[in-house]
Amino acid sequence: MKLTTEAKQEIFEKHGISKSKTDTGSAESQIALFTTRITDLTEHLKIHRKDFSTRLGLLKLVGKRRRLLNYLQKNDIERYRAIISELGIRK
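Since the model is a prediction, treat every value here as computed from it, not as a measurement.

### Quick look at the pattern of salt bridges
Point 1. One pass over the structure, following the stated rule, counts 4 salt bridges.
Point 2. Of the charged contacts in the structure, one is a salt bridge between Glu43 and Lys46, with a shortest N-O distance of 3.4 Å. Here Lys46 and Glu43 lie together in helix H2 (residues 27-47), a separation of 3 residues that amounts to about one turn.
Point 3. Accessibility expressed as a relative area gives 46% for Glu43, which makes it partly exposed.
Point 4. In this structure, Arg81 engages Glu78 in a salt bridge whose closest nitrogen and oxygen atoms are separated by 3.5 Å. Here the residue Arg81 and the residue Glu78 both occupy positions in helix H4 (residues 77-87), the gap between them amounting to 3 residues, near one helical turn.
Point 5. Shared partners join several salt bridges into a network, and the residues in it are Glu28, Asp76 and Arg79.

Printed below as a string of structure tokens:
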């Protein structure tokens, strides 16, 4: 399921570091976008169990989000803890 531009802007405004619609580059906004896409793909895979290409895309997204979280954890632990608690991601 494709995210609309309005939905992406809402995610960026809610979770970005500068709280603006154009904050697409901050780690928090990218992590929030990846989390939204991961939940959508997870719901898709619950219905379509044999869709292996979507499963591969999901695993790549999880890896990208993990790398961004590792970067944030190394450089700014407070921002890392804030985004983890805000999105409900467990490590």
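Here the narrative resumes.
### Structural notes on a positive patch on the surface
Point 1. Taken together, Lys2, Lys8, Arg37, Lys60, Lys64 and Arg67 make up a surface patch of like positive charges.
Point 2. Broken down by element, the positive patch gets its largest block of residues, 3 residues, from helix H3 (residues 52-75).
Point 3. For Lys8, the location among the structural elements is in helix H1 (residues 5-15).
Point 4. Residue classification places Lys8 among the partly exposed positions, given a relative accessible area of 33%.

Criteria and cut-off values
- Residues numbered from 1 in each chain as written.
- Predicted model: local features only at pLDDT ≥ 70, side-chain atom pairs only at ≥ 80, totals over all residues.
- Heavy atoms only, no water.
- Salt bridge = Lys/Arg side-chain N within 4 Å of Asp/Glu carboxyl O.
- Helix = DSSP H or I, 4+ residues; strand = E, 2+ residues; numbered from the N terminus.
- Buried < 20%, exposed > 50% of the residue type's maximum accessible area, 1.4 Å probe, protein only.
- Patch = residues over 30% accessible without salt bridge, like charges linked within 9 Å, V, L, I, M, F, W, Y side chains within 5 Å.
- Areas by Shrake-Rupley, 256 points an atom, 1.4 Å probe, with all protein chains shown as cover.
- Lys, Arg positive; Asp, Glu negative; His and termini not counted.
- Charge placed at Lys NZ, Arg CZ, Asp CG, Glu CD.

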